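Residue-level listing of the chains:
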Amino acid sequence: MEPEAQDDGLRLDIVTRDAHTISRRQISENALKVLYRLSKSGYKAYLVGGGVRDILLGMEPKDFDVVTNATPEEIKKLFRNSRLVGRRFRLAHIVFGRDVIEVATFRGHHGETDDKISKSNAEGRLLRDNVYGEIDEDAERRDFTINALYYDISDYSIRSYGGGISDLDARTIRLIGDPETRYREDPVRMLRAVRFATKLDMQIEPKTAAPIKELAPLLKDIPAARMYEEVLKLFFAGKAQANYEMMRDLGLFQPLFPQISAQITEQPNGYTAKMLNAVMSNTDLRVSQDKPVTPAFFYAALLWYPLKQRADDIALESGLTHYDAHVAAMGDVMEQQCRTISIPRRFSTPAKDIWQLQLRLERSQGTRAFKLLEHPKFRAAYDLLLLRGEAEAGNIGKIAAWWKSFVEADEQERSEIAKSSKKGPSRNRNAHQRKRRRTSKPKSDATGATGPKPAPKPDNQG
């Protein structure tokens, strides 16, 4: 590694081809096509960031990003299969079927620029950032040193800025520049610090971590649509439990999930906390087993107890039946969550279906269970009921156990289980209505009971 002196700014280390382990065989064919065409057309072209970092760490990169001194318009002229995207920072996407190579122009420093090019709000967050510069400036604009790594296609060397290679070896997440300033420019960098630390098994450098708790509320100002994508990266990549725990420690979970956080603060060992830990660990398990994970179930499970609390409040305030209060609460809880994380309707609607099925699962033991099995969202609703059973035990635990035995049984066993439940309490949930209609005093049976017994309310119904 050959250090190159800089008059100011970040330290630059040049790692020659014979001193690093990156081979072009480890880079996607499409990324190489983009790099070579840019280089042969007279532009500087580098593989940058995570692609370089992950190969050096012996990991398989998820994607390959390219950076160049060509402007987005020049890139578009060079690649007919490209499209320009982004407002905050203009990018080119080079499309090869399902494979997309993202190409960015070197970013520069802000000076006396037009509002159409660069703009920030009163808190320092960048709203527009189309300021172009040279590679040294671009490196200073990167978030962490481990991402300020540039693979030069012209001579196959690596340009490492700010000690990026050294921080990789030391397993350290270090922010480039003043942490408070950089977090105010883009508060999502706080979440990225957590995600890289868990993904790469690294430690966040103390100076980088220091301002996070104080600045965590800035996440509330991030567009909800952007936060949806960040949550997917945090919780659907196999590190959900670790990310959740670190986010809680650094105060980053509350701005994203205020309803859940309020309940956990009130009852640290309550049902909500148990459910959240179960969802995170189960999500990680499914990812490790290459099983599908869906935001619909994820949000339905996480928000179940805020939903229950809101339904209880509505029932108490308005006098609505539990069912009607439950339906009204679904819209309230989902709307409030979407203020911080914009959940697409293709996931929020199935999440509501899963919520509504909880009431049917609690009351459909017996022969009606066969019909419920056919519901397209049955499996997700059943999985949520099992998690509730683990969190609550009691009556919900018994209901979950009944459904588990029913689902895992063969056809003959199911019929026997259903018949044995025919005279169970769930069949008599409206008995008290029939009793009120009687005009004469009912005769007592041999046990002294007067008429059919009403169904006992499940514990979680309040």
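Our subject is the structure that appears above.
> Just to check I follow, could you spell out helix α19 (residues 378-392) for this structure?
Every α-helical turn comprises 3.6 residues, leaving residues that sit three or four positions apart pointing alike. An ideal rise of 1.5 Å per residue puts 21 Å on 15 residues; α19 measures up with 21 Å between its terminal C-alpha atoms. Among all positions in α19, only F378, A381, Y382, L384, L385, L387, R388, G389, A391 and E392 are buried.

> Please clarify how the pattern of salt bridges should be interpreted in this entry.
For side chains bearing opposite charge, pairing can occur when the charged atoms are close. Summed over the entire model, instances satisfying the criterion amount to 22 salt bridges. The closest approach of N and O atoms between R192 and D143, which form a salt bridge, is 2.7 Å. Of this pair, R192 sits in helix α7 (residues 188-199) while D143 sits in the loop between α4 (135-141) and β10 (149-152), and the two are 49 residues apart along the sequence. Classification of D143 as buried rests on a relative accessible area of 9%. Note that R184 and E180 form a salt bridge whose closest N and O atoms lie 3.3 Å from each other. With R184 and E180 both in helix α6 (residues 179-185) and four residues apart, the pair spans about one turn of that helix. For R184, a relative accessible area of 27% translates into the label partly exposed. Here the salt bridges do not stand alone but share partners, grouping R53, D54 and K199 into one network.

> For this particular structure, what's the right way to read the packing of α19 against helix α20 (residues 394-408)?
Packed helix pairs are characterised by how far apart their axes lie and by the angle those axes make with each other. Contact geometry for α19 and α20: axes closest at 8 Å, N-to-C directions at 140°. Of the possible angle classes, the one that applies to α19 and α20 is oblique. By crossing handedness, the relation of α19 to α20 is classed as left-handed. Contact residues: F378, R379, Y382, L385, L386, R388, G389 and E392 in α19; G394, I396, G397, I399, A400, W403, K404 and V407 in α20. Residues of the contact of α19 with α20, tallied by class, amount to nine nonpolar, three polar and four charged.

> Looking at this model, I keep getting lost on the nonpolar core. Mind explaining?
Generally speaking, nonpolar side chains in soluble globular proteins are found buried as a group. In this structure, F235, L252, F257, W355 and W403 are the most contacted members of the largest nonpolar core, which totals 115 residues. Leaving out residues up to four positions away in the same chain, F235 has contacts with A240, N243, Y244, M247, F253, F257, M280, T283 and F298. Counting 13 residues, the second-largest nonpolar core is a separate cluster that includes V67, A148, Y161 and I176.

Thresholds applied
The numbers attached to residues start from 1 for each chain and follow its sequence in the written order. Where totals are concerned, whole chains, interfaces and linings use all residues; where local detail is concerned, this predicted model gives features only for residues with pLDDT of at least 70, and gives and counts side-chain atom pairs only at 80 or more. Side-chain measures here rest on the full set of heavy atoms in the structure, leaving out hydrogens and waters. Segments assigned H or I by DSSP are reported as helices when at least four residues long, segments assigned E as strands when at least two residues long, and all are numbered from the N terminus. Multiplying one less than the number of residues by 1.5 Å gives the expected span of a helix. A 1.4 Å probe rolled over the protein chains alone gives each residue an accessible area, and that area as a share of the maximum for its type sets the label: buried under 20%, exposed over 50%, partly exposed in between. Note on definitions: salt bridges are taken to be side-chain nitrogens of Lys or Arg within 4 Å of carboxyl oxygens of Asp or Glu. With axes taken as lines fitted to C-alpha atoms, and helix axes fitted only over the stretch in contact, angles between N-to-C directions fall between 0 and 180 degrees. Convention used here: angles under 35 degrees read as roughly parallel, angles over 145 as roughly antiparallel, angles from 65 to 115 as roughly perpendicular, and any remaining angle as oblique. Left-handed describes a crossing whose near helix is turned anticlockwise from the far helix through less than a right angle; right-handed describes the clockwise counterpart. Every residue pair with non-hydrogen atoms within 4.5 Å of one another is taken to be in contact. When residue character is reported, Ala, Val, Leu, Ile, Met, Phe, Trp, Tyr, Cys and Pro are called nonpolar, Asp, Glu, Lys and Arg charged, and the others, Gly included, polar. We call a set of buried Ala, Val, Leu, Ile, Met, Phe, Trp, Tyr and Cys residues a nonpolar core when their side-chain atoms join them within 4.5 Å.

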